[in-house]
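# What the coordinates show
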Amino acid sequence: MHKRQLPFTKENLERISEIFPTPFHIYDEKAIRANARELLKAFSWNPGFKEYFAVKATPNPFILKILKSEGFGTDCSSLPELILSEKAGITGEEIMFSSNDTPAYEFKKARELGSVINLDDINHIPFLEKTCGIPEVISVRYNPGKLRDGSFIMGNPEDVKYGFTREQIFSGLSQLRQKGAKRFGIHTFIASNELNPDYFVDTANMLFDLALEIMEKLDIRLEFVNISGGIGIPYKPDDKKVDLMYVGDQIHKRYDEKIKDTLLHPLSLFMECGRSITGPYGYLVSRVLHKKEIYKTHIGLDACMANLMRPGMYGAYHNITVAGKENHEHDHIYDVTGSLCESIDRFAVDRELPEIEIGDLVVIHDTGAHGHSMGFNYNGKLRSAELLLRESGEVIEIRRSETVEDYFATLDFDKLKGFHTKSQGHKEKII
Ligand SMILES: *Cc1c(COP(=O)(O)O)cnc(C)c1O
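None of these values were measured; they are calculated from a predicted model. (Residues numbered from 1 in each chain as written. Predicted model: local features only at pLDDT ≥ 70, side-chain atom pairs only at ≥ 80, totals over all residues. Heavy atoms only, no water.)

This paragraph deals with the site of the ligand. Lining the immediate surroundings of the ligand are 15 residues, of which Lys-56, Gly-230, Glu-272, Gly-274 and Arg-275 lie closest. Contact between the ligand and Lys-56: an oxygen atom at 2.8 Å from a side-chain N or O atom of the residue. Within the side chain of Glu-272, a nitrogen or oxygen atom sits 2.6 Å from a nitrogen atom of the ligand. Coverage of the ligand by the protein chains reaches 91% of its 390 Å² of free accessible surface. Partitioning the shell around the ligand into residue classes produces three nonpolar, seven polar and five charged. (Near = heavy atom within 4 Å. Polar contact = N/O pair within 3.5 Å; in protein donor to acceptor, adjacent residues only side chain to side chain. Areas by Shrake-Rupley, 256 points an atom, 1.4 Å probe, with all protein chains shown as cover. Nonpolar A, V, L, I, M, F, W, Y, C, P; charged D, E, K, R; others polar.)

This next bit is on helix α8 (residues 197-218). Taking 1.5 Å per residue as the helical rise, α8 with its 22 residues ought to reach 32 Å, and the 32 Å between its terminal C-alpha atoms agrees with that figure. The N-terminus of α8 is capped by Asn-196, whose side-chain oxygen sits 3.0 Å from the backbone nitrogen of Asp-198. Just beyond α8, the residue with positive phi is Asp-219, at close to 60°. (Helix = DSSP H or I, 4+ residues; strand = E, 2+ residues; numbered from the N terminus. Expected span 1.5 Å × (residues − 1).)

Before going further, it helps to examine the sheet that holds strand β3 (residues 73-76). Spatial ordering of the closed barrel is given by β2-β3-β4-β5-β6-β7-β8-β9, a layout of eight strands whose pairing is parallel. Each strand axis lies, on average, 25° off the axis of its neighbour in the sheet, ignoring direction. Bridging between strand β5 (residues 116-119) and strand β6 (residues 137-141) involves three bridges; their strand directions are parallel. The residue bridging Ile-117 from the neighbouring strand is Ile-138, located in β6. (Pairing = 2+ DSSP bridges. Axes fitted to C-alpha atoms, helices over the stretch in contact; angles between N-to-C directions.)

Once that is clear, we can look at a nonpolar patch on the surface. Together, Val-404, Tyr-407, Phe-408, Leu-411, Phe-413, Leu-416 and Phe-419 make up an exposed nonpolar region whose accessible area comes to about 690 Å². For the nonpolar patch, the secondary structure elements donating two or more residues are α12 (404-408) and α13 (413-417). Residue contributions to the nonpolar patch peak at three residues, all from α12. Looking at the secondary structure, you find Phe-419 in the segment after α13. (Patch = residues over 30% accessible without salt bridge, like charges linked within 9 Å, V, L, I, M, F, W, Y side chains within 5 Å. Salt bridge = Lys/Arg side-chain N within 4 Å of Asp/Glu carboxyl O.)

Before going further, it helps to spend a moment on the pattern of salt bridges. Across all of its chains, the model carries 26 salt bridges by this definition. A salt bridge links Arg-33 to Glu-391; the shortest N-O distance between them is 3.5 Å. Of this pair, Arg-33 sits in helix α2 (residues 29-42) while Glu-391 sits in the loop between β16 (385-389) and β17 (395-399), placing them 358 residues apart in sequence. Owing to a relative accessible area of 13%, Arg-33 belongs among the buried residues under this scheme. Counted as one network, the salt bridges with shared partners bring together Glu-29, Arg-33, Arg-37, Glu-70, Arg-390 and Glu-391. (Buried < 20%, exposed > 50% of the residue type's maximum accessible area, 1.4 Å probe, protein only.)

On to the packing of aromatic side chains, then. As enumerated under the stated definition, the model contains 12 aromatic pairs in all. Centroid distance Phe-8 to Tyr-283: 5.2 Å. Interplanar angle 75°. Geometry classified as edge-to-face. On the criterion of sequence distance, the pair formed by Phe-8 in the segment before α1 (10-19) and Tyr-283 in strand β10 (residues 282-293) is long-range, its members being 275 residues apart. Grouped by ring-pair contacts, the aromatic residues Phe-43, Trp-45, Phe-49, Phe-208 and Tyr-255 constitute a single cluster. The lysine or arginine in question, Arg-351, covers the ring of Tyr-317, its NZ or CZ lying 3.9 Å from the ring centre. (Phe/Tyr/Trp six-rings, centres within 6.5 Å; stacked < 30°, edge-to-face > 60°. Lys NZ or Arg CZ within 6 Å of the ring centre and 35° of its normal.)

When cut into domains, the protein gives domain 1 (29-279) and domain 2 (280-404). Once you take the C-alpha centre of each, domain 1 and domain 2 turn out to be 32 Å apart. Taken together, the contacts link 29 residues of domain 1 with 22 residues of domain 2. The contact between domain 1 and domain 2 buries some 2,200 Å² in all, and 57% of this surface belongs to carbon and sulfur atoms. It is Glu-29, Tyr-235 and Gly-279 in domain 1 that bury the most area against domain 2; as a group they hold 29% of the surface buried on that side. Remark: the boundary between domain 1 and domain 2 carries two salt bridges. (Domains from an automatic or database assignment. Contact = heavy atoms within 4.5 Å. Buried area = accessible area lost by both parts, 1.4 Å probe.)

This next bit is on the side chain of Asp-366. As for its position among the elements, Asp-366 is in the loop between β15 (361-364) and β16. A relative accessible area of 1% places Asp-366 in the buried class. The contact partners of Asp-366, leaving out residues within four places of it in the chain, are Arg-4, Ile-233, Pro-234, Tyr-235, Gly-279, Pro-280, Gly-282 and His-318.

Ranked by size, the top nonpolar core spans 79 residues in total, and within it Phe-43, Leu-119, Leu-173, Ile-214, Leu-222 and Ile-251 carry the most contacts. The leading source of residues in this core is α8, at 12 residues. When residues of this core are assigned to domains, at least three map to each of domain 1 (29-279) and domain 2 (280-404). Among all residues touching Phe-43, those that are not within four sequence positions of it are Phe-49, Val-247, Gly-248, Ile-251, Leu-269 and Met-271. Grouped together as the second largest cluster of nonpolar side chains are 16 residues, Ile-299, Leu-308, Tyr-334 and Val-336 included. (Core = buried A, V, L, I, M, F, W, Y, C linked by side-chain atoms within 4.5 Å.)

The next point concerns the environment of Gly-230. Mapped onto the secondary structure, Gly-230 falls in the loop between β8 (224-226) and α9 (244-258). A relative accessible area of 12% places Gly-230 in the buried class. Look past the residues within four positions of Gly-230 in its chain and what remains in contact with it is Phe-189, Ala-191, Ser-192, Asn-193, Glu-194 and Phe-200.

What follows deals with helix α5 (residues 104-112). Residues lying three or four places apart along an α-helix face the same way, a consequence of the helix completing one turn every 3.6 residues. Of the residues making up α5, those classed as buried are Glu-106, Phe-107, Lys-109 and Ala-110. Relative to the axis of α5, the buried residues are bounded by an arc of 165° and lie together on one face. Among the structural elements, α4 (79-87), β4 (95-98), β5 and α6 (124-132) are those in contact with the buried residues of α5. Directly after α5, the chain includes Gly-114, whose backbone phi takes a positive value near 75°. (Arc of directions from axis to C-beta.)

Written out as structure tokens, the structure reads:
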């Protein structure tokens, strides 16, 4: 049986939960830092290498500050993500603004912060120009269409809404140059949660070829290619972690073959990994409230799909450990459920686990990315706290849990008191 080592014991968790009641997500700072360093080491051959952490994975400014201290920037795609980066002290070209279907106010903020804007659509060129002018540095997002396969979460490139077509890349870059842009990059993001290391090598290779073609046809020397994120993590017991050193070495080889002896050298390689940076180092900790025996045995947690949407949304697998029963036989079969009035609110279906009792602490693995961040309030569920396990062993709260007051903050109950169920017709009519 596959076992995953937790960075805390049951006793640790019981003590933590006395101060910070369950459910909560807890992130392992030491492991996040070690992982960040591994990525940088794999690409240390490329002096301009930069990882822009995809904020949507874990939009917490404490995590961003930790990653900044390791040398990461951020990849943002909305106004709040831009503001969050700014609050964490990440500004200017430390930010990659990779959004799509972008409203004008977001381009304005990105421009104000001096971030690198990565355009998703050729029609965004005049839109950006009108909104806030064309910046000196600009990137364009390439969608290779039929030339590449996609992934389950992302879909096939040809079917999805992102990026420029191949022809649009050439006409887009030449328009941008004509409008005053001076420094250029290209970007692509076509697969998500991909575990095949060669996929990323192929993607880098594809962008190297495109960069060479751009130089030849347009006489534009790109400054960077951005192979974005999408590195998968081993959610399932049999999954293998992507070997970053292998990916780094293989891309290095392609670089030396194709780029090193051309005018494109030195060309910087950028990434925007989210999931693989924090995903495996976060845990959702929850307590067993009920055990229900009907046609199946349902273990009812105090967490629900609002705390972790992936299993319900994608049927995603998350490993589960029952704290203190790490070495027990997995000789029971359970559905592990939350309390939403939705049948899909299940963290595990027909899972082999040790015998579970009411009051047990259940640890759901790999919630460090797209966990808390995908949370929602449907069914009146409140979002949980986020905790940080520091390298010293100290545990701090980096986001408190929501209260009922937070949930009601957008409602005006005084107005409700004066609200007549039949319109009084005093105000000017709009319709
Ligand atoms: C989501 C996203 C990423 C990060 O993807 P991961 O799968 O978390 O590595 C990077 N770039 C863009 C534009 C994204 O939308």
